[in-house]
Amino acid sequence: ITIECEPGTLNAKKVESMCRQGITRLSLGVENFDERILATNGRAHGSREIHQAWEWIQAQDFPQINIDLIAGMLEENDDNWRHCVEMTVKMRPQSGTVYQMEVPFNTTIFQSMKKEGKITTPVADWATKRRWVDYAFRELEKVGYEVVSSYTAVRQGTRGEFVYRDALWRGS
């Protein structure tokens, strides 16, 4: 059973309860570790909440912990992205997912852009985002992760290894 969690919504009791209820995979929506970038992108958490949530999660016995990152958030740059990947590697989750930032029409960010007359997306271009995703996966592979889908890397040798849903559709 997987649950997606935004770090700012967690507390120690909630994390303990999720573990007791049988959640086997907790995916933590870190997205980025930079306070300014998180705020600029309207995230409901900061780096303090990420680290506090990580402590609570580590205190439990979840078979699988995932960290989500988003490549190409507003105001992100190469240095910030390297730092995000470095922090993820340091935390050693059983898996990591890396998504590429998009700005759909129904988001707060798009509505703000529209009001300001900026209809071009202020996020990194696709080539940059693909380069950042590639960098993240190469760094994860260096420390024992295997890329199992276009979004997910799983640390080898972990108990309860996550089987990405695409594997269910491959047939036998």
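Numbers given to residues run from 1 along each chain, matching the order in which its sequence is written. This being a predicted model, a pLDDT of at least 70 is required before a residue's local features are given, and a value of 80 or more before pairs of side-chain atoms are given or counted; all residues contribute to the totals for chains, interfaces and linings. With hydrogens and water set aside, each side-chain value is computed from the structure's full complement of heavy atoms.

### As for the overall build of the protein
Looking only at helices and strands, the protein has six helices and six strands in total. The numbering of helices and of strands both runs from the N terminus, where a helix is a DSSP run of H or I of at least 4 residues and a strand a run of E of at least 2. Beginning at the N terminus, the succession of helices and strands in the protein can be written as β-α-β-α-α-β-α-β-α-α-β-β. When the 172 residues of the protein are sorted by exposure, 44% land in the buried category. The contact criterion used is simple: two residues touch if any of their non-hydrogen atoms lie within 4.5 Å. Taking the contacts inside the protein whose residues are at least 6 apart along the sequence as the reference set, 65% of them involve residues at least 24 apart. Buried means the residue's accessible area, taken with a 1.4 Å probe over protein chains only, is under 20% of the maximum for its type, while exposed means over 50%, and partly exposed covers the values in between.

### Some points on the pattern of salt bridges
One side chain can pair with another of opposite charge once the charged atoms of both are near each other. Take a side-chain nitrogen of Lys or Arg and a carboxyl oxygen of Asp or Glu: if they are within 4 Å of each other, that pair is a salt bridge. The final tally for this structure, using the stated rule, is eight salt bridges. In this structure, Arg-20 engages Glu-16 in a salt bridge whose closest nitrogen and oxygen atoms are separated by 3.5 Å. Of this pair, Arg-20 and Glu-16 are both found in helix α1 (residues 12-20), four residues apart, which corresponds to roughly one turn of the helix. The partner of Arg-131 in a salt bridge is Asp-78, and the shortest N-O contact between them spans 3.0 Å. With a gap of 53 residues between them, Arg-131 in helix α6 (residues 126-142) and Asp-78 in helix α4 (residues 78-91) connect regions that are remote in the sequence. Classification of Arg-131 as partly exposed rests on a relative accessible area of 42%.

### Some points on the packing of aromatic side chains
Pairing of aromatic side chains here covers Phe, Tyr and the six-membered ring of Trp, requires ring centres within 6.5 Å, and sorts the geometry by plane angle: under 30 degrees stacked, over 60 edge-to-face, intermediate tilted. In this structure the tally under the stated criterion is two aromatic pairs. Aromatic side chains Trp-81 and Trp-132 sit 6.1 Å apart centroid to centroid with 20 degrees between the ring planes, which places their arrangement in the stacked category. Taken together, the positions of Trp-81 in helix α4 and Trp-132 in helix α6 put the pair 51 residues apart, joining distant regions of the chain. Note on Trp-81: relative accessible area 0%, which makes it buried. Judged by centre distance (5.2 Å) and plane angle (35 degrees), the rings of Tyr-99 and Tyr-151 are tilted. Here the residue Tyr-99 occupies a position in strand β4 (residues 95-100), and Tyr-151 occupies one in the loop between β5 (145-147) and β6 (152-155), the gap between them amounting to 52 residues. Throughout this description, the term charge over a ring refers to an Arg CZ or Lys NZ atom that lies within 6 Å of the ring centre and within 35 degrees of the ring normal. Between Lys-129 and the ring centre of Trp-126, over which it is positioned, the NZ or CZ distance is 3.6 Å.

### Thoughts on the pairing of β6
Burial along β6 is two-sided: the face carrying Thr-152 and Val-154 and the face carrying Ala-153 and Arg-155 are both buried. The rule for pairing is simple: two strands pair if DSSP sees at least two bridges between them. Relative to β6, β4 is paired through three bridges, and the arrangement is antiparallel. In the strand pairing of β6, Gly-96 is matched with Ala-153. The sheet contact formed by β5 and β6 spans three bridges and is antiparallel. Within β6, the residue paired with Tyr-145 across the bridge is Arg-155. Hairpin connection from β5 to β6: four residues lie between these consecutive antiparallel strands.

### Some thoughts on α1
Because each turn of an α-helix spans 3.6 residues, side chains separated by three or four positions end up pointing in the same direction. Taken together, the buried positions of α1 are Val-15, Met-18 and Cys-19. Seen from one end, α1 has its buried residues packed into an arc of 100 degrees, which puts them on one side. Set apart from the buried face of α1 by more than 90 degrees, the exposed residues are Lys-13 and Arg-20. Check the buried side of α1 and you find it contacts β1 (2-5), β2 (25-31) and α3 (47-58). Each C-beta atom gives one direction from the helix axis, and the arc is the one those directions make.

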